[in-house]
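Remarks on the overall topology
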Amino acid sequence: MMLATNSLRRIGQRCSYSNQPQMLHRAATAVAGQPNNIPRWLSTSTTPSDDDDEDEPAVPPPPTDDEPVAVVDIPPTPPPRPPTKSVAETIDELEKNMKPTKIVEQLDRHIVGQPDAKKAVAIAMRNRWRRRQLPEEIRKEVTPRNVLLVGPTGCGKTEVARRMAMLNDAPFLKVEATKFTEVGYHGRDVDQIIRDLMDVSMQLAKKKHTEQFKEEAEQLAEERILDILAGPASDSSARGRESFRDMLQQGLLDDQEIEIDVPTKQNQNELDNNNPQIVAMSDLMQRLTNGNKKVPTERRKLPISEARSVIVETEIDRLLENVDLRKAAVTAVEESGIVFIDEIDKICSPREGFASRSADASAEGVQRDLLPLVEGTTINTKHGNVNTDYILFIASGAFHAVKVSDILPELQGRLPIRVELAGLTEDDLYKILTEPVANLLRQQRELIGAEGVDLEFEDDAIREIARMAAQLNKSVENIGARRLHTVLERIMEAISFEAAEMESGTKV
């Protein structure tokens, strides 16, 4: 009987799940040829029959030698997969984060007033996303509406651009118009703006892909460390390898020193990065010199806590070799790039009279060079050619000595949206001291609090600081909110000097 049972078990193990119906049918017909004669231990039905006794438990009878048996291993039901976000839900989250109202709310947390400038910038950022949703034939015809911000110094023009860059993941670059000179003169030409923007885009693309590969690189780094500690993975060393893994994850081996290959930086001669031909020639020579050789490394002995980060960076660089970062960076610049040109009024000269014309190399010549850049042209960079047709340009200036009409008419036409920013009043200065998240008063409290001293400002004192700053702007020179720094630092000079000598818990 035991021999027959073992034989039947071996037969059942050779049976697959796919031929279960055939085996059941053969077993049924082999016994009596009638479905009712199928033994209970072979039946798959869970409904009790009429002959079953309710008081006695149903015990299957032992199999006999004449009955064929089919033992079927039914695979367990896989657990349900956790719900994942659909593409539509992900896009909907991006849409909510980029709505103009949300952008204005974020700007309000750091900038007081200037609602027109905030709305203009928010609409311009939203239009970047709207254009990408259009069909291909219409998308080519939609160009960005460039913005010109006009207002006195210190009213928040540059701060709007700086906060906008923090909210936007697109390539963003802020430049000073006075840094550039006319083509033919010694200095930087305006094409350098796009080259710098490409460098920013390359950093963003590398950072984005680095975050994607970070988890995989950490796992590869852990395996490499285990290979050094326990040897290559094998069946015989599996138990010891897992023991090392547990200790490694718990940080018990951080002080253990291991030898690894650390990439060495090659000494490169200083080149003129402003000239794309020289940079391209340098890259070509480096490729020809290195060929397919590995990056030069040196053998160093480091603790695991330091070696882990080195190995992770090496693995990330190896994974990034399979990604075309240049193509992704060029596409990001051409479709979503934003350039903020500050102090554009400093390259303008009054048009009244011939004597007022300036021969400065940073004057109207730079404006003429900006025309094709803003209108749309192709710039040669070390990362490839970049088309500027769809890059958003935002210019700003105080226009104290000159007027907006002194800009070249062609450049004025390429900055169609003009926003006037108002000067700051005494109430605005008071709000700047109290409303922003990181206002000046909070900064002073935190700085003095590092010495263990509690600094408090009464409301009347804050009002007086705002009044004094507004009066100085009217009587001396209007420098806007920057005047608050001057007044507040003068008031805090004695307290800052003596705070280190005060006892902890002192209130001032």
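Residues numbered from 1 in each chain as written. Predicted model: local features only at pLDDT ≥ 70, side-chain atom pairs only at ≥ 80, totals over all residues. Heavy atoms only, no water.

Here we look at the side chain of Asn146
- For Asn146, the position within the fold is in the loop between helix H6 (136-139) and strand S1 (147-150).
- On the basis of relative accessibility, which here comes to 5%, the residue Asn146 falls in the buried class.
- Within the local environment of Asn146, its side chain forms a polar contact with the backbone nitrogen of Phe393, the two atoms lying 3.0 Å apart.
- Here Asn146 is in contact with Val374, Ile391, Leu392, Phe393, Arg414, Leu415, Pro416 and Ile417, once residues within four sequence places are set aside. (Helix = DSSP H or I, 4+ residues; strand = E, 2+ residues; numbered from the N terminus. Buried < 20%, exposed > 50% of the residue type's maximum accessible area, 1.4 Å probe, protein only. Polar contact = N/O pair within 3.5 Å; in protein donor to acceptor, adjacent residues only side chain to side chain. Contact = heavy atoms within 4.5 Å.)

What to know about the pairing of strand S8 (residues 392-397)
- With six of six residues buried, S8 lies mostly within the body of the structure.
- The alternating pattern of S8 places Leu392, Ile394 and Ser396 on one face and Phe393, Ala395 and Gly397 on the opposite face, and all of these are buried.
- Across four bridges, the pairing between S1 and S8 is parallel. Residue pairing for S8: Val147 is matched across the bridge by Ile394.
- With four bridges joining them, strand S5 (residues 338-342) and S8 adopt parallel strand pairing. From the neighbouring strand, Val339 faces S8, where its bridge partner is Phe393. (Pairing = 2+ DSSP bridges.)

Details of unusual backbone geometry
- Phi at Gln114 takes a positive value of approximately 55°, unusual for a residue other than glycine.
- With respect to the element layout, Gln114 can be found in the loop between helix H4 (100-108) and helix H5 (115-132).
- When its relative accessible area of 8% is taken as the criterion, Gln114 is described as buried.
- Its identity as a non-glycine residue notwithstanding, Phe399 has a phi of 55°, on the positive side.
- Inspection of the secondary structure puts Phe399 in the loop between S8 and helix H14 (409-413).
- Assessed through its relative accessible area of 10%, Phe399 is described here as buried.

Observations regarding the pattern of salt bridges
- Counted under the stated rule, the structure contains 18 salt bridges.
- Among the ionic pairs, Lys174 bridges to Glu176, the shortest N-O distance being 2.9 Å.
- Among the ionic pairs, Glu464 bridges to Arg467, the shortest N-O distance being 2.4 Å. Within this pair, Glu464 and its partner Arg467 are both found in helix H17 (residues 459-475), separated by three residues, close to a single helical turn. (Salt bridge = Lys/Arg side-chain N within 4 Å of Asp/Glu carboxyl O.)

So, the sheet that holds S1
- Sheet architecture is open: five strands sit in the order S2-S5-S8-S1-S9, paired in parallel fashion. If you trace the sheet from one side to the other, it starts and ends with strand S2 (172-176) and strand S9 (417-420), each paired once. Adjacent strand axes in the sheet meet at a mean angle of 15°, parallel and antiparallel pairs treated alike. (Axes fitted to C-alpha atoms, helices over the stretch in contact; angles between N-to-C directions.)

As for the packing of helix H8 (residues 191-230) against helix H11 (residues 304-320)
- Packing of H8 against H11 leaves a shortest axis separation of 7 Å and a crossing angle of 125°. Comparing their axes, H11 and H8 come out oblique. Two packed elements cross with a definite hand, and for H8 against H11 that hand is right-handed.
- Residues belonging to the contact of H8 with H11 are distributed by class as follows: twelve nonpolar, three polar and eight charged. (Parallel < 35°, antiparallel > 145°, perpendicular 65-115°, else oblique. Left-handed = near helix turned anticlockwise from the far one by under 90°. Nonpolar A, V, L, I, M, F, W, Y, C, P; charged D, E, K, R; others polar.)

Comments concerning the packing of H17 against helix H18 (residues 482-498)
- Look at H17 against H18: their axes get within 9 Å of each other, and the N-to-C directions meet at 125°. Between H17 and H18, the angle falls in the class oblique. Remark: the crossing between H17 and H18 carries right-handed chirality. The segment H17 lies against H18, with Ile465, Met468, Ala469, Leu472 and Asn473 engaging Arg483, Leu484, Val487, Leu488 and Ile491.
- In terms of residue class, the contact of H17 with H18 is built from eight nonpolar, one polar and one charged.

Section: helix H7 (residues 157-167)
- Taken as a whole, H7 has its buried residues at Lys157, Val160, Ala161, Arg163 and Met164.
- For H7, the elements touching its buried residues are H4, H5, S1, S2, S5 and S8.

What about the confidence of the model for the protein chain?
- Here the protein chain shows a mean pLDDT of 76. Residues at 70 or above account for 71%.
- With pLDDT under 50 throughout, residues 1-8 is counted as low confidence; its partners more than four residues away or in other chains account for seven contacts.
- Below a pLDDT of 50 lies the segment residues 69-96, which in the model reaches 19 contacts outside its immediate sequence neighbourhood of four places, other chains included. (pLDDT = per-residue confidence, 0-100.)

Things to note about the environment of Glu489
- Within the secondary structure, Glu489 sits in helix H18.
- Separated by 45 residues in sequence, Glu489 and Gln444 have C-alpha atoms that sit 9.3 Å apart.
- Engagement of the side chain of Glu489 in a polar contact is seen with the side chain of Gln444, the distance being 3.1 Å.

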